[in-house]
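One letter stands for each residue in the lines below.
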Amino acid sequence: MTREPDPNIVLYDTMQRQKVVFTPSTPGRVGMYLCGPTVYSDAHLGHAKKEVAFDVIRRAFLHFGYAVRYVANITDVGHLQNDADDGEDKIARRAALEQLEPMEVADKYFWSFVKDMDALNVLKPSINPRATGHITEQIELISELIDRGHAYESQGSVYFDVRSWPQYGKLSGRKLDDQEEGTREEVRSEKRDPRDFALWKRAEAGHIMRWDSPWGVGFPGWHIECSAMSLKYLGEGFDIHGGGLDLQFPHHEAEIAQAEAAGHAFARYWMHNNMLTIGGEKMSKSKGNFTTIADVLAEHDPMVVRFLLVGSHYRSVTEFSEEAFEGARNGYRRLSETLHEITRRLSGAPAGHDAALDGRVAEHVRAFEDAMRDDFNTPRAVAALFGLTTELNAALNAGPVARGSLELAQAAYLNLGGGVLGLFMDSPKERQDDTQVVSALMELVLKARQNYRLSKQYAEADELRQTLLDVGLTVEDTKDGPRWKR
Ligand SMILES: Nc1ncnc2c1ncn2[C@@H]1O[C@H](COP(=O)(O)OP(=O)(O)OP(=O)(O)O)[C@@H](O)[C@H]1O
Ligand SMILES: [Zn+2]
């Protein structure tokens, strides 16, 4: 059943600095752009916070009846050490360290990112554009900026002229005079103003990633890819642009200036996730205080990791600690055990509905949806799921529950906890456990059948075989003994 797009979704827009009602540029549709990873190393838990935060927002829009086009870029060129305008490219540096081609590095860490995201049940983007695949679009945008007098060439590089664009700083609220960018003397001398930022950089001898351009051989600056690719795939005045709080300045500020100074309408709403911290400090690659997603998943159920992340609001800090995991593990177990019990009790449940219970389930569903409509308040939504769980546990403990009510409750868990929060995906660990349990049980069953046959109880042996067939399992007698398959 598809529902009408919900007109009452409220989100916090960083640009307007307040919560506002979301109205899509095209009725029923949401265009979202998310600044994705620079693929030069394995993703860490901080990246997971961001990806899960925006995945939940996307899932909520889907739940509330919208079609979503979700574009998340992959930065594979132009992101220099320390986010600077000058210096080594992060990918090229890693390529030299690992003795790989730069594109080999980008692919290696792209696929490792995809694997992590799959494990965390993050939906795949509708489009996953790469910076190196959109050099032409970036050159076009830079040319538009030069034509309009907002960018200038200098010794084979091109810089954005911030003094020509007084709105520069409007997202982060930074006044031009307070900004300081580019400290190296050689960069200063190429720029008209130290706050100008690179759109295109001249490739020095030995720089591996290089493309031809109207300004000579070079490579794009870090910010321009997002303006070019978001406009290409989502169009003028697209709905939502997301990313980490730390990207507000200079990255998002630069994205806005590049697009708007070239005459394009840019994102209508800006959403920023807060940071995952460790010991109160932002987890980050360059600080070295990170734990990779792969390392976390080696020890923890991915659904517990996800539950931990949605347990705090996307605009709040999430502190990463063992105690936080302990809490998440217990909380998640409470929810999933009740869901399993409901599913178990469905077969054999008396027909019909318990109207009073249905009403109480509906109240928790409403509380969940109200929370999600209110700037995607996942902690409140999780609290509603706990309310639902307390309700259901009381009913289940009191005796048989009508099938219709169990079905309603099950749908609530699966649509809200599963569909919106992305939980309740069978974890690989659970699946592995299941496979082991099935194998062990089948060994026992086949041994019992052998025993029947040895004692010439053929009717019992055939009955066993038939029972297995009824659930889709076939038994074959081979020279090495009986084998079973699905
Ligand atoms: N600890 C974190 N919590 C939440 N989001 C994060 C965290 N670290 C990075 N992000 C987000 O992930 C995206 C990519 O970040 P980036 O590749 O710069 O990671 P990083 O670890 O901060 O790297 P570096 O330290 O090299 O800058 C950005 O949108 C950023 O805001
Ligand atoms: Zn970006």
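Residues numbered from 1 in each chain as written. Chains lettered and ligands numbered in written order. Predicted model: local features only at pLDDT ≥ 70, side-chain atom pairs only at ≥ 80, totals over all residues. Heavy atoms only, no water.

Quick look at the coordination of the zinc ion (ligand 2)
Protein ligation of the zinc ion (ligand 2) involves Cys35 (SG), Cys226 (SG), His251 (NE2) and Glu255 (OE), the donor distances falling in the range 2.0 to 2.3 Å. Taken together, the 4 donor atoms coordinating the zinc ion (ligand 2) span angles of 81 to 128 degrees at the metal, a pattern that classifies the geometry as irregular. (Donors = N, O, S within 2.8 Å, 3.2 Å for Na, K, Ca; no water. Tetrahedral: all angles 85-135°; square planar, octahedral: opposite > 155°, others 65-115°.)

What to know about the nonpolar core
Counting residues in hydrophobic clusters, the biggest one holds 74 residues, and the most contacted among them are Leu11, Phe61, Ile240, Phe368, Met372 and Phe376. For this core, the leading source of residues is helix H1 (residues 45-63), giving 9 residues. Once you skip the residues sitting within four places of it in the chain, Ile240 turns out to touch Leu11, Phe22, Val30, Gly31, Met32, Tyr33, Phe61, Tyr269 and Met271. Among the nonpolar cores identified, the runner-up in size contains 23 residues, and Ile135, Phe160, Trp200 and Phe249 belong to it. (Core = buried A, V, L, I, M, F, W, Y, C linked by side-chain atoms within 4.5 Å. Buried < 20%, exposed > 50% of the residue type's maximum accessible area, 1.4 Å probe, protein only. Helix = DSSP H or I, 4+ residues; strand = E, 2+ residues; numbered from the N terminus. Contact = heavy atoms within 4.5 Å.)

Brief notes about the site of ligand 1
Every one of the 18 residues lining ligand 1 counts as a neighbour, but His44, Asp246, Lys282, Lys285 and Ser286 are closest to it. Gly244 places a main-chain nitrogen or oxygen 3.3 Å from an oxygen atom of ligand 1. Contacts to ligand 1 include Asn273, whose side-chain N or O atom sits 3.4 Å from a nitrogen atom. Against a free-state accessible area of 600 Å², the protein chains account for coverage of 95% of ligand 1. Counting residues per element, the shell around ligand 1 draws most heavily on H1, which supplies 3 residues. (Near = heavy atom within 4 Å. Polar contact = N/O pair within 3.5 Å; in protein donor to acceptor, adjacent residues only side chain to side chain. Areas by Shrake-Rupley, 256 points an atom, 1.4 Å probe, with all protein chains shown as cover.)

Some details on the packing of aromatic side chains
Counted under the stated rule, the structure contains 18 aromatic pairs. Aromatic pair Phe307 and Phe386: ring centres 6.2 Å apart, planes at 90 degrees, arrangement edge-to-face. With Phe307 in helix H9 (residues 302-310) and Phe386 in helix H12 (residues 378-398), the pair connects residues that are 79 residues apart, well separated along the chain. Using a relative accessible area of 7% as the deciding quantity, one classes Phe307 as buried. Here Tyr332 and Phe424 contribute two aromatic rings whose centre-to-centre distance is 5.8 Å and whose plane-to-plane angle is 25 degrees, an arrangement assigned as stacked. Of this pair, Tyr332 sits in helix H10 (residues 322-346) while Phe424 is found in the loop between helix H13 (403-420) and helix H14 (428-454), placing the two residues 92 residues apart along the sequence. (Phe/Tyr/Trp six-rings, centres within 6.5 Å; stacked < 30°, edge-to-face > 60°.)

A closer look at the packing of helix H6 (residues 224-234) against helix H7 (residues 248-261)
The geometry of H6 relative to H7 is characterised by a closest axis approach of 8 Å and an angle of 55 degrees between their N-to-C directions. In terms of their interaxial angle, H6 and H7 are classed as oblique. Seen from above, H6 lies across H7 with right-handed handedness. Two secondary-structure elements touch here, H6 through Ile224, Cys226, Ser227 and Leu231 and H7 through His251, Glu255, Gln258 and Ala259. Its residues placed into classes, the contact of H6 with H7 shows 4 nonpolar, 3 polar and 1 charged. (Axes fitted to C-alpha atoms, helices over the stretch in contact; angles between N-to-C directions. Parallel < 35°, antiparallel > 145°, perpendicular 65-115°, else oblique. Left-handed = near helix turned anticlockwise from the far one by under 90°. Nonpolar A, V, L, I, M, F, W, Y, C, P; charged D, E, K, R; others polar.)

A short note on a negative patch on the surface
Together, Asp42, Asp295, Glu299, Glu322 and Glu323 give the surface a local cluster of negative charge. Contributions of two or more residues to the negative patch are made by helix H8 (293-299) and H10. Secondary-structure assignment places Glu322 in helix H10. (Patch = residues over 30% accessible without salt bridge, like charges linked within 9 Å, V, L, I, M, F, W, Y side chains within 5 Å. Salt bridge = Lys/Arg side-chain N within 4 Å of Asp/Glu carboxyl O. Lys, Arg positive; Asp, Glu negative; His and termini not counted. Charge placed at Lys NZ, Arg CZ, Asp CG, Glu CD.)

Regarding the pairing of strand S14 (residues 474-478)
Note: S14 against strand S15 (residues 481-485), 5 bridges, orientation antiparallel. Residue Thr474 lies in a different strand from S15, and its bridge partner there is Lys485. Count of turn residues in the S14/S15 antiparallel hairpin: 2 residues. (Pairing = 2+ DSSP bridges.)

What about unusual backbone geometry?
Apart from glycine, the bulk of residues carry a negative phi angle, and the bulk of peptide bonds sit in the trans form. Pro250 follows Phe249 through a cis peptide bond whose omega is 0 degrees. Even without a glycine there, the phi angle at Gln155 is positive, about 50 degrees. Here Gln155 shows up in the loop between strand S5 (151-154) and strand S6 (157-160).

As for the pattern of salt bridges
This structure, assessed with the given rule, holds 32 salt bridges. A salt bridge links Arg94 to Glu98; the shortest N-O distance between them is 2.7 Å. Taken together, the positions of Arg94 and Glu98, both in helix H2 (residues 90-98) and 4 residues apart, correspond to about one turn of that helix. Look at Glu98 and you get partly exposed, because its relative accessible area is 23%.

Re H13
An ideal rise of 1.5 Å per residue puts 26 Å on 18 residues; H13 measures up with 24 Å between its terminal C-alpha atoms. Those residues of H13 lying buried are Gly404, Ser405, Leu406, Ala409, Gln410, Ala412, Tyr413, Leu416, Gly417, Gly418 and Val420. On its buried face, H13 is in contact with H1, H10, helix H11 (355-373) and H12. Remark: Gly422 follows H13 within two positions and exhibits a positive phi of approximately 75 degrees. (Expected span 1.5 Å × (residues − 1).)

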